[in-house]
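Below, each chain spelled out in residue letters.
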Amino acid sequence: MSLLKEPDLGTPAKPGPATVSLEVDGLPVTVPEGTSVMRAAALSGIDVPKLCATDSLEAFGSCRLCLVEIDGRRGTPASCTTPVAEGMRVSTQTPKLEKLRQGVMELYISDHPLDCLTCSANGDCELQDMSGAVGLRQVRYGYDGANHLDEKTDTSNPYFDFDASKCISCSRCVRACGEVQGTFALTIEGRGFESKVSAGGTDFMSSECVSCGACVQACPTATLQEKSVIQLGMPSRSVITTCAYCGVGCSFKAELRGNELVRMVPYKDGGANEGHSCVKGRFAFGYASHPDRVLTPMVRESITDEWQPVDWDTAILFTAAKLRDIQSRHGVGAIGGITSSRTTNEEVYVVQKMIRAAFGNNNVDTCARVCHSPTGYGLKQTFGTSAGTQDFRSVAKSDVIMVIGANPTDGHPVFASRMKRRLREGAKLIVIDPRRIDLVRSPHIEAQHHLQLAPGTNVAIVNAMAHVVLTEGLVDRSFVDERCEDFDDWAAFIARPENSPEAVEELTGVPAEEVRQAARLFATGGNGAIYYGLGVTEHSQGSTMVMGMANLAMATGNIGREGVGVNPLRGQNNVQGSCDMGSFPHELPGYRHVSDDVVRGVFENMWGSTLQAEPGLRIPNMFDAAIEGSFRALYVQGEDIAQSDPNIKHVHAALKALELVVVQDLFLNETAKFAHVFLPGTSFLEKDGTFTNAERRINRVRPVMAPRTGKHEWQIVAEIAQAMGYPMQYGHPSEIMDEIAALTPTFAGVSFATLDKLGSVQWPCNENAPEGTPIMHMDGFVRGRGRFVQTPFVPTRERSTRKYPLILTTGRILSQYNVGAQTRRTANVAWHPEDVLEIHPHDAEVRGINDGDEVVLTSRVGETSLRAVLADRMPVGVVYTTFHHPVTGANVVTTENSDWATNCPEYKVTAVQVGLRTAPKPVEELQTAMAAE
Amino acid sequence: MTTIYVPRDSAALSLGADEVAAKLRQAAGDRPIQIIRNGSHGMLWLEPLVEVVTERGRIGYGPVEPEAVDDLVAAGLFDGADHELCQGVVADLPWLKDQTRLCFARVGVTDPLDPDDYVAHGGLAGLRKALEKTPEEVVAEVTDSGLRGRGGAGFPAGIKWKTVAGTPGPLKFICCNADEGDSGTFADRMLMEGDPFTLIEGMAIAAYAVGASEGYIYIRSEYPDAVRTMREAIAVARDQGWIGEKAGHRFDLHVRVGAGAYICGEETAMLESLEGKRGMVRAKPPIPAITGLFGKPTVVNNVLTLASVPAILAGGAAAYQELGVERSRGTQVFQLAGNVARGGIFETAFGMTLEKLIHTYGGGTRTGRPVRAVQVGGPLGAYLPADGLDLPMEYEAFAAAGAMLGHGGVVVFDDTVDMGAMARFAMEFCAEESCGKCTPCRVGAVRGVEVIDKIRAGQDPDDNLALLGDLCELMTEGSLCAMGGLTPMPVRSALLHFADDFGPGSPNGGGHR
Amino acid sequence: MSPQIRMINDIAVQFQHQAPDAAAAAIAEHIRAFWDPRMRAELMRRVDSEPEMLDPIALAAARLLTTG
């Protein structure tokens with residue numbers, strides 16, 4: 001339920017070429033075969049009363065309000081479960097139907113509280129609407145019969161209540177939990193009149209519920225309702241915008257009462273999510289109004305000084321003067337900046353423009369460096385473009401889904417739900433991951449193959465799979481011959497015995513036969529799609545692995561149509577966009593190298609500035625150069641490098657060495673401890689611009705309120721550039737997008753007007769594809785022919801040793817987001833109050849560690865302390881943690897190792913030792929020490 | 001060697017048949033006897049019915065209580081001597097002789113688990129005939145026989161099979177509905193306990209006809225003996241190569257046990273239950289023949305439907321089709337129960353009147369009082385008044401009388417019955433057993449009880465009778481399945497024929513008794 | 001070990017499967033495309049002062065950088 005009513009056609013669309021023509025109440029209508037009578041009626045403008053039907057769920061047929069009469073058929077079939085037939089003549093309004101519908105509503109209301117006027121769903125309740133629609137005037141049964149009015153309310157979930165007294169047993173919540181979300185946490189308990197919705201016999205919070213909100217969304221009454229609506233009242237206006245958490249990029253209706261955000265409701269027309277959501281996007285928006293938000297600019301001369309709140313002009317002049325001063329003393333290249341994947345395309349664009357045009361160098365990088373930079377490199381080398389090949393919808397056409405180094409049910413939950421739906425329909429699943437992630441075995445899903453490899457051996461596995469495909473004659477020769485190049489050299493390489501599953505079995509720990517079977521399945525099982533995450537990229541061979549997957553996809557012909565492809569699951573809401581916008585030191589917007597004179601000329605012309613033809617520093621290079629002394633000032637937009645980057649001691653040393661650190665963020669984060677200027681940023685609720693998600697979909701981010709800081713982030717940047725003497729002026733963010741479009745061929749057709757008209761577009765969007773490009777490389781690769789690249793497996797330098805016998809790998813959890821700056825400031829902490837170390841019971845036992853013990857985690861670069869959780873989803877010899885809480889300091893132990901091509905850190909492999917903690921917690925010591933300095 | 005038959009049917013067991021068998025063995029002393037545990041012939045007033053094989057035939061004694069064994073043996077039971085409990089040659093008893101036993105031909109006659117006995121009495125003839133034909137010919141044979149579903153709905157079995165046969169797919173199922181939950185019905189149980197091979201043979205024929213490779217028999221948990229017998233029989237059948245890996249055609253069979261929900265006798269709820277889910281009714285379409293168990297094409301038939309198939313194949317469609325009347329062809333296995341003098345199984349061609357069945361064969365009420373009402377077709381069947389029993393037992397005649405034949409259960413009441421209470425019970429039963437999915441059934445049944453209570457208490461009787469009428473219409477027209485849809489049938493028939501029982505001052509009703 | 005040497009060695013090992021000349025050329029091209037000039041300058045200083053720290057292919061690539 002939500003304020004902005006979106007049309008509900010009652011049952012899902014049944015796509016298909018064949019159509020059927022019928023008459024509903026005398027109106028002719030033609031619909032796809034298999035469509036329900038209810039949907040056909042709705043499409044012809046006739047709303048048949050309904051309660052249990054909604055078009056996000058399969059027809060259920062339980063409420064019996066939607067009965068109709070059909071010429072030549074007996075009785076009164078339910079229109080939701082009756083498919084259309086050629087020539088059918090349907091009547092939706094007859095005296096008989098009216099009487100039956102009133103009878104149904106009379107029964108419902110005889111067991112429902114009569115508190116409409118004081119009910120929190122008043123005005124937003126389908127039961128109320130239907131009573132009106134059928135003309136219910138009396139309840140002859142009275143109200144003294146058996147009823148559920150004394151049922152208790154379950155308030156255990158921090159975001160929504162379940163008031164069983166208002167439940168009409170329509171099962172929409174139960175079905176949404178299964179069909180839409182795929183968690184199956186809810187069920188109907190009891191039988192007949194005793195039927196009631198149950199979270200598996202316990203309360204919602206103790207159940208399997210993942211708090212995605214699908215049940216709340218589906219509930220037609222006040223039974224499942226947001227606590228915020230109960231507390232604040234029904235919202236009065238609605239703004240369609242885009243979630244600012246992960247790279248799925250869900251569309252939401254932000255619903256407000258006055259200027260107060262009451263709730264976020266997933267938007268059915270959202271191309272990425274089509275009406276679904278997760279606990280973060282749906283509920284965890286409270287950080288935007290958290291008291292920790294800094295709303296005033298602050299400066300200080302030294303990081304040991306107190307912060308001084310100042311006005312914007314002072315802060316901007318202070319910053320500009322310092323930057324210019326440092327450049328005058330240490331050279332043009334002594335300063336640089338980091339763009340944020342959390343901000344809009346427009347905000348990113350202006351930062352890189354400021355750096356290239358006003359700073360006059362290419363020292364710009366983005367947090368994609370530490371996550372998906374290998375994706376950019378690897379896919380560009382092989383396919384010619386630095387992005388995933390498919391739209392999310394494509395997965396519905398996949399027959400074999402291979403998930404590598406990704407944990408979609410936690411990291412990309414809304415896409416995971418789509419994937420799980422397809423898997424429940426029978427698609428086959430191959431999971432390649434050291435951990436037994438939830439997807440391997442979840443309700444109605446079981447992976448055909450889980451290749452539980454040793455961390456760091458991805459390339460060996462993908463090569464072995466390709467070896468099987470090649471040597472067993474499973475290559476799609478016509479695809480390869482028509483569409484690809486360099487195949488023969490690659491084939492000679494991959495056919496080498498050292499790439500066989502048998503040869504790498506000992507190294508990877510995966511039985512050769514299992515690899516062979518998985519490879520055969522992928523090559524022969526129909527449409528094969530690869531989805532991957534940071535478990536692929538954050539390795540010393542991350543780029544190699546991306547190319548290895550691209551090779552496998554090309555060799556099996558799985559590129560260039562629906563249901564196939566190579567698809568990165570992007571971490572941040574706008575990591576795709578920040579890369580697109582020219583955030584890498586070697587690339588101008590649109591992934592064009594700075595050394596390309598023609599391209600640079602176009603930008604120089606537009607920007608009125610001379611641009612450097614040499615690449616600038618990448619983030620780790622900035623740290624190295626800071627310690628070495630040639631790099632003196634850093635502008636950081638919305639990224640907490642002091643917590644999220646590896647080998648924190650090294651990062652902290654670099655930050656301390658800088659003369660000027662400018663932090664633009666919502667909160668005083670860990671990096672701000674090293675900063676001299678703090679420029680308060682805006683939350684997504686205040687932003688006006690666009691985000692680009694993992695499927696290249698450009699979505700509008702619309703402001704639901706004015707910037708609480710008094711200034712948009714793009715304005716701050718423009719004013720600093722101006723203060724540095726470079727003219728940069730925009731009246732509105734749409735002008736920034738117009739400039740991007742003018743400079744970037746793949747964005748040529750993008751404008752706010754286009755986005756507002758189409759809802760969203762997927763780039764490339766230009767005259768060849770005015771409405772965007774859902775699937776890439778359809779008629780040919782962007783680079784012409786797909787290139788096979790030889791991908792030798794080179795093990796990481798990081799090895800387990802006697803001193804550090806275990807391998808640490810890291811990841812995320814559903815309820816928390818990255819460094820937790822946002823989610824820790826919401827009720828999501830109820831699910832994940834601290835980071836824990838998952839360890840196999842065997843590894844724990846030999847160390848005398850019990851479940852819940854405090855343990856010390858040590859690597860060659862540092863140590864930290866956290867609580868151990870025994871988990872047999874871990875293989876022996878591998879431990880796992882998350883990095884959501886700064887106190888954990890997971891990155892205290894991660895090393896300087898990085899991807900050879902892009903310097904993406906090797907977060908996923910660190911040799912460690914784990915032992916029971918006896919001494920005081922080292923992180924506390926570390927922090928005490930830091931505070932003392 | 002003297003051969004004695006002592007039934008293993010649970011009706012006989014509940015009356016001490018095991019003890020009778022033990023006593024007989026004891027009493028035989030040195031005399032060589034063999035005791036065969038057969039099914040029940042279905043003359044329940046004679047159970048335990050002990051039979052002795054003599055030159056004259058099988059001489060029956062019954063009902064034999066364990067205490068009477070010694071006396072009977074002393075009187076010469078082993079030689080078929082006369083006794084007050086002696087019924088003479090069982091096969092010659094009019095009750096049996098007047099029946100046309102096709103489905104139940106071997107029940108009570110053979111050792112249920114002896115494959116040789118089965119074959120010796122005509123078993124497997126149907127399957128052998130079937131395998132000589134093409135699957136299409138088998139479907140046609142069943143269609144031509146006029147066989148309709150014996151579970152209650154009476155849908156032509158051949159048409160259902162044809163749909164399944166015509167729906168392409170590598171995996172199809174035969175599901176046998178043995179969740180015999182209707183009051184006054186026990187034929188499924190007696191067949192499974194007395195001649196399980198017939199059901200197996202029927203399912204194997206169905207599987208061959210539609211191209212199914214797996215079968216499930218869904219038996220209610222209240223039938224532990226039937227479950228045991230059926231499982232043993234399946235093991236024997238596999239051993240014999242009638243089904244399973246050794247069989248010529250690919251088909252195997254499994255027993256699944258319900259968990260006590262009446263609604264799981266509804267075919268789609270049964271499929272849900274077989275899939276391991278809550279027994280919840282599915283909306284149709286899609287029909288199970290196309291989208292059935294685990295979404296695959298599935299034949300769902302009742303025990304008696306499937307068990308009629310071997311006889312049809314063995315004797316030919318024409319012979320079967322010659323029996324019966326109108327559009328009700330072949331035989332139906334009627335079950336006489338309730339307040340009746342002689343209860344049990346009576347298999348006869350469609351068309352006999354209810355009157356004749358109850359009075360001629362059932363012998364009227366057990367109490368000796370006049371019959372007042374008869375409920376046919378289970379708890380959702382209509383109540384027929386004593387003066388309305390001259391009704392031929394066939395589907396359409398019953399439908400025309402506002403009643404239904406259902407699964408063939410006949411429950412007799414004498415003149416002390418309170419029909420207001422019976423109407424209330426119908427609603428109460430529905431409230432108790434509703435799956436809870438659709439509103440008319442879930443809420444309506446509860447309100448139905450309340451409204452009848454108000455009527456019986458004399459509270460606004462006219463308004464509440466009108467309301468009850470509307471509710472019955474809503475449940476009939478609006479319910480998702482037959483559970484809610486048929487509940488009004490006993491209510492309305494009670495109101496129609498016994499309206500006096502609903503008033504506070506009525507002789508039998510109004511809580512005055 | 002200096003970051004530049006660590007990094008070029010990391011790159012070099014990825015090209016071991018190629019012929020030495022081709023590998024050196026590919027490595028040099030990669031470094032030209034992705035390294036800031038001051039990193040290349042630091043690398044060249046290291047090449048002069050501690051060439052033994054470099055993988056032979058890396059060394060060959062570094063030498064190409066000066067000429068190319």
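Calculation notes
- Chains are numbered independently. Their residues run from 1 in the order of the written sequence.
- Chains carry letters and ligands carry numbers; both start at the beginning, A for chains and 1 for ligands, and go up in the order they are written.
- Per-residue local features of the predicted model are confined to residues with pLDDT of at least 70, and side-chain atom pairs are confined, for both listing and counting, to 80 or more; whole-chain, interface and lining totals are unaffected and use all residues.
- Just so you know, side-chain values use all the structure's heavy atoms and leave hydrogens and water out.
- Helix and strand definitions here come from DSSP, where helices need a minimum of 4 consecutive H or I residues and strands a minimum of 2 consecutive E residues; each element is numbered from the N-terminal end.
- This radius of gyration counts C-alpha atoms alone. The globule rule is 2.2 Å times how many residues there are, raised to the power 0.38.
- Relative accessibility under 20% of the residue-type maximum defines a buried residue, over 50% an exposed one, and the middle range a partly exposed one, all with a 1.4 Å probe and only protein chains included.
- The method behind every accessible area is Shrake-Rupley, applied with a 1.4 Å probe, and residues are considered shielded solely by the protein chains displayed.
- Positive charges come from Lys and Arg, negative ones from Asp and Glu, while His and the chain ends are left out of the count.
- Lysine's charge is taken at NZ, arginine's at CZ, aspartate's at CG and glutamate's at CD.
- In this analysis, strands are considered paired if DSSP registers two or more bridges between them.
- Interaxial angles span 0 to 180 degrees and are taken between N-to-C directions of axes, which are lines fitted to C-alpha atoms, for helices over the stretch in contact.
- What makes two residues a contact is simply this: any of their non-hydrogen atoms within 4.5 Å.
- Along the chain, pLDDT gives the predictor's confidence residue by residue, from 0 to 100.
- Boundary definitions for the domains trace back to an automatic or database domain assignment.
- By definition, the buried area sums, over both parts, the 1.4 Å-probe accessible area that each loses when the two are put together.
- Each reported salt bridge corresponds to a side-chain nitrogen of Lys or Arg within 4 Å of a carboxyl oxygen of Asp or Glu.
- Pairs of N or O atoms are called polar contacts if they sit within 3.5 Å, as long as, within protein, a hydrogen donor faces a hydrogen acceptor (for residues adjacent in sequence, only side-chain-to-side-chain pairs).
- In this analysis, the expected span of each helix is defined as 1.5 Å times one less than the number of residues it contains.
- Put simply, a nonpolar core is a bunch of buried Ala, Val, Leu, Ile, Met, Phe, Trp, Tyr and Cys residues held in one set by side-chain atoms that sit within 4.5 Å of each other.
- What sets the label is the angle itself: under 35 degrees gives roughly parallel, over 145 gives roughly antiparallel, 65 to 115 gives roughly perpendicular, and the rest give oblique.
- Two rings from Phe, Tyr or Trp (for Trp, the six-membered ring) form a pair when their centres are within 6.5 Å of each other. A pair whose planes differ by under 30 degrees is stacked, one over 60 is edge-to-face, and the rest are tilted.
- Here, a charge over a ring is recorded when the distance from Lys NZ or Arg CZ to the ring centre is within 6 Å and its angle to the ring normal is within 35 degrees.

Q: What should I look at first to understand the overall build of chain B in this one?
A: Within chain B one finds 22 helices and 16 strands. By the compact-globule yardstick of 24 Å for 513 residues, chain B fits well, its C-alpha radius of gyration being 23 Å. Judged by the C-alpha coordinates and their principal axes, chain B covers about 75 × 60 × 40 Å. Relative to its 513 residues, chain B shows a buried fraction of 62%. Total accessible area on chain B is roughly 18100 Å²; 51% of this is exposed by carbon and sulfur atoms. Computed over 46 positive and 67 negative side-chain charges, the separation of the two mean positions in chain B equals 5 Å.

Q: I tried to follow the overall build of chain A on my own but got confused; where do I start?
A: Within chain A, the secondary structure is distributed over 29 helices and 39 strands. Taken against the 2.2 N^0.38 rule, which gives 30 Å for 933 residues, the C-alpha radius of gyration of chain A at 29 Å falls within 12% of a compact globule. For chain A, the C-alpha atoms occupy an extent of roughly 90 × 70 × 65 Å along the three principal directions. The buried share of chain A, reckoned over its 933 residues, is 67%.

Q: Quick question: what am I supposed to make of unusual backbone geometry here?
A: Both trends apply: most residues other than glycine have a negative phi, and most peptide bonds are in trans. Following Trp-763 of chain A, the chain continues to Pro-764 of chain A via a peptide bond in cis, the omega torsion being 0°. Take Pro-764 of chain A: it is sitting in the loop between strand 32 (760-762) and strand 33 (786-787). Note that the residue after Pro-285 of chain B, namely Pro-286 of chain B, is joined by a cis bond; omega there is 5°. Examined against the element boundaries, Pro-286 of chain B turns out to sit in the loop between helix 12 (267-274) and strand 9 (298-302). Its identity is not glycine, yet Asp-460 of chain B carries a phi of approximately 35°, on the positive side. Looking at the secondary structure, you find Asp-460 of chain B in the loop between helix 19 (444-456) and helix 20 (461-478).

Q: Got a minute to help me understand the sheet that holds strand 18 (residues 428-432) of chain A in this structure?
A: All names here are of chain A. Spatially, five strands are ordered 21-18-17-23-24 in an open sheet, and the strand pairing comes out parallel. With partners counted over all chains shown, the strands left at the sheet margins are strand 21 (449-451) and strand 24 (565-568), one partner each. Each adjacent strand pair in this sheet contributes to an overall mean axis angle of 15°, direction not counted. Two elements, strand 18 and strand 21, share three bridges in a ladder whose sense is parallel.

Q: I tried to follow the environment of Ala-460 of chain A on my own but got confused; where do I start?
A: Residue and element names in this part refer to chain A. Topologically, Ala-460 is positioned in helix 13 (residues 458-471). According to the relative accessible area criterion, Ala-460 is buried, its value standing at 2%. Once residues lying within four places of it in the same chain are set aside, the contact partners of Ala-460 are Val-504, Leu-507, Thr-508 and Phe-793.

Q: Just to check I follow, could you spell out the confidence of the model for chain A for this structure?
A: Residues shown with low pLDDT carry predicted positions that ought not to be read at fine detail. When pLDDT is averaged along chain A, the result is 94, and 98% of the positions lie at 70 or above. Scored below 50 in pLDDT, residues 929-933 of chain A shows four contacts in the model against residues more than four places distant or in partner chains.

Q: Please clarify how the domain arrangement of chain A should be interpreted in this entry.
A: Note on interface size: it is often stated as the accessible area lost on association of the parts. Under the domain assignment used here, chain A contains domain 1 (18-133), domain 2 (160-289), domain 3 (298-371 + 575-730), domain 4 (378-568) and domain 5 (806-932). The C-alpha-based centres of domain 1 of chain A and domain 5 of chain A are spaced at 54 Å.

Q: Could you clarify how one ought to interpret the interface of chain B and chain A in this entry?
A: Counting residues at the interface gives 33 residues for chain B and 36 residues for chain A. Summing the contributions of chain B and of chain A, the shared interface buries around 2800 Å²; its carbon and sulfur component is 56%. When the buried area of chain B at its contact with chain A is split by residue, Arg-442, Arg-447 and Glu-477 of chain B rank highest and sum to 21% of it. Here chain B and chain A share five salt bridges between them. One salt bridge in this structure joins Glu-433 of chain B and Arg-191 of chain A, with 3.2 Å as the shortest N-O distance. The tally of links from chain B across to chain A stands at 21 residue pairs in polar contact (both at pLDDT 80 or more). For the side of chain B that touches chain A, the secondary-structure elements that each account for two or more residues are helix 17 (419-433), helix 18 (439-442), helix 19 and helix 20 of chain B. A per-element tally of the side of chain B that touches chain A places helix 20 of chain B first, with seven residues.

Q: Any chance you could explain the side chain of Asp-154 of chain A here in plain terms?
A: Residues and elements named next belong to chain A. With respect to the helices and strands, Asp-154 occurs in strand 5 (residues 153-154). Buried charge without a partner: Asp-154 forms no salt bridge, and the closest opposite charge is Lys-227, 6.9 Å away. For Asp-154, the side chain forms a polar contact with the side chain of Ser-156, separated by 2.7 Å. Leaving out residues up to four positions away in the same chain, Asp-154 has contacts with Phe-160, Asp-161, Phe-162, Asp-203 and Phe-204.

Q: Is there a simple way to think about helix 12 (residues 413-424) of chain A in this case?
A: Note: α-helices contain 3.6 residues per turn, so residues at a spacing of three or four share the same orientation. All names here are of chain A. In this model helix 12 runs 16 Å from its N-terminal to its C-terminal C-alpha over twelve residues, within 8% of the 16 Å that 1.5 Å per residue would give. With ten of twelve residues buried, helix 12 lies mostly within the body of the structure. Among all positions in helix 12, only Pro-413, Val-414, Phe-415, Ala-416, Ser-417, Arg-418, Met-419, Lys-420, Arg-422 and Leu-423 are buried. Directly beyond the C-terminal end of helix 12, a positive phi value near 120° is found at Gly-426.

Q: Just checking my understanding: could you explain the nonpolar core for this structure?
A: When a protein is soluble and globular, its nonpolar side chains tend to lie buried together. In this structure, Leu-22, Leu-51 and Met-105 of chain A together with Cys-175, Ile-263 and Met-427 of chain B are the most contacted members of the largest nonpolar core, which totals 100 residues. When near neighbours in sequence (up to four residues on either side) are disregarded, Met-427 of chain B contacts Ala-445, Gly-448, Val-449, Ile-452, Leu-468, Leu-471, Cys-472, Met-475, Thr-487 and Val-491 of chain B. Counting residues in hydrophobic clusters, the runner-up holds 70 residues, among them Leu-186, Val-431, Ala-447 and Val-704 of chain A.

Q: Just to check I follow, could you spell out the interface of chain C and chain A for this structure?
A: Contacts between chain C and chain A engage 19 residues on the former and 29 residues on the latter. Both faces considered, chain C and chain A share a buried interface measuring about 2100 Å² in area, 52% of it formed by carbon and sulfur atoms. It is Gln-14, Phe-34 and Arg-38 of chain C that lose the most area in chain C upon contact with chain A, and together they represent 33% of the buried surface on that side. As a salt-bridge pair, Glu-614 of chain A and Arg-40 of chain C come within 2.9 Å of each other at their nearest N and O atoms.

Q: Could you clarify how one ought to interpret the pattern of salt bridges in this entry?
A: Where charged atoms of side chains with opposite charge meet at close range, the side chains can pair. Residues and elements named next belong to chain A. A full pass over the atoms with the stated rule returns 88 salt bridges over all chains. Put simply, Arg-282 and Glu-226 hold a salt bridge, and the shortest N to O gap is 2.9 Å. Taken together, the positions of Arg-282 in helix 7 (residues 279-283) and Glu-226 in strand 9 (residues 224-226) put the pair 56 residues apart, joining distant regions of the chain. Like Glu-226, Arg-282 is buried.

Q: Explain the packing of helix 9 (residues 187-194) of chain B against helix 13 (residues 303-315) of chain B here, please?
A: Relative placement of two packed helices is described by the angle separating their axes and the distance separating the axes. Residue and element names in this part refer to chain B. Here helix 9 crosses helix 13 at 45°, and the two axes come no closer than 9 Å. One finds that helix 9 runs oblique with respect to helix 13. Of the residues in helix 13, those touching helix 9 at Ala-187, Asp-188, Leu-191 and Met-192 are Val-303, Leu-304 and Ala-307.

Q: Could you clarify how one ought to interpret the packing of aromatic side chains in this entry?
A: The way to describe two aromatic rings as a pair is by their centre distance and the angle between their planes. Inspection of the entire model under this criterion finds 35 aromatic pairs over all chains. The aromatic ring of Phe-667 of chain A is capped on one face by Arg-825 of chain A, whose charged end is 3.7 Å from the ring centroid. Positioned over the ring face of Tyr-223 of chain B is Arg-220 of chain B, at 5.3 Å from the centre of the ring.

Q: Quick question: what am I supposed to make of the sheet that holds strand 13 (residues 344-349) of chain B here?
A: Backbone-to-backbone hydrogen bonds pair the strands of a sheet. The strands run either parallel or antiparallel. Residues and elements named next belong to chain B. An order of 13-12-16-14-15 is seen for the five strands of this open sheet, with the pairing classed as mixed. The open sheet has two edge strands, strand 13 and strand 15 (383-385), and neither has a second partner. Strand-to-strand, the axes of this sheet are offset by a mean angle of 30°, without reference to chain direction. Seen against the sheet, helix 15 (residues 354-361) touches strand 12 (331-338), strand 13, strand 14 (371-376), strand 15 and strand 16 (409-414) and runs at an angle of roughly 120° to strand 14.

Q: I keep staring at the confidence of the model for chain B and nothing clicks. Help me out?
A: Per-residue confidence for chain B gives a mean pLDDT of 95; residues scoring 70 or more make up 98%. The complex model carries a pTM of 0.93, and its ipTM stands at 0.95.

Q: Teacher, can you tell me more about the domain arrangement of chain B here?
A: The domain architecture assigned to chain B consists of domain 1 (2-92), domain 2 (115-321), domain 3 (324-414) and domain 4 (419-510). The gap between the C-alpha centroids of domain 1 of chain B and domain 4 of chain B is 47 Å.

Q: Explain the environment of Thr-385 of chain A to me, please; I cannot follow it from the model alone.
A: Residues and elements named next belong to chain A. One can find Thr-385 in the loop between helix 10 (373-382) and strand 17 (400-404). Assessed through its relative accessible area of 8%, Thr-385 is described here as buried. In the structure, Thr-385 is positioned 391 residues away from Met-776 in sequence and 9.2 Å away in space, judged by C-alpha atoms. The residues touching Thr-385, leaving out its near neighbours within four places in the chain, are Leu-379, Lys-380, Trp-763, Met-776, His-777 and Val-782.

Q: Is there a simple way to explain the arrangement of the chains in this structure?
A: Between chains A and B lies the most contact-rich interface of the two pairs of chains that touch. Spatially, chain B is disjoint from chain C: no contact exists, and the shortest C-alpha separation is 49 Å.

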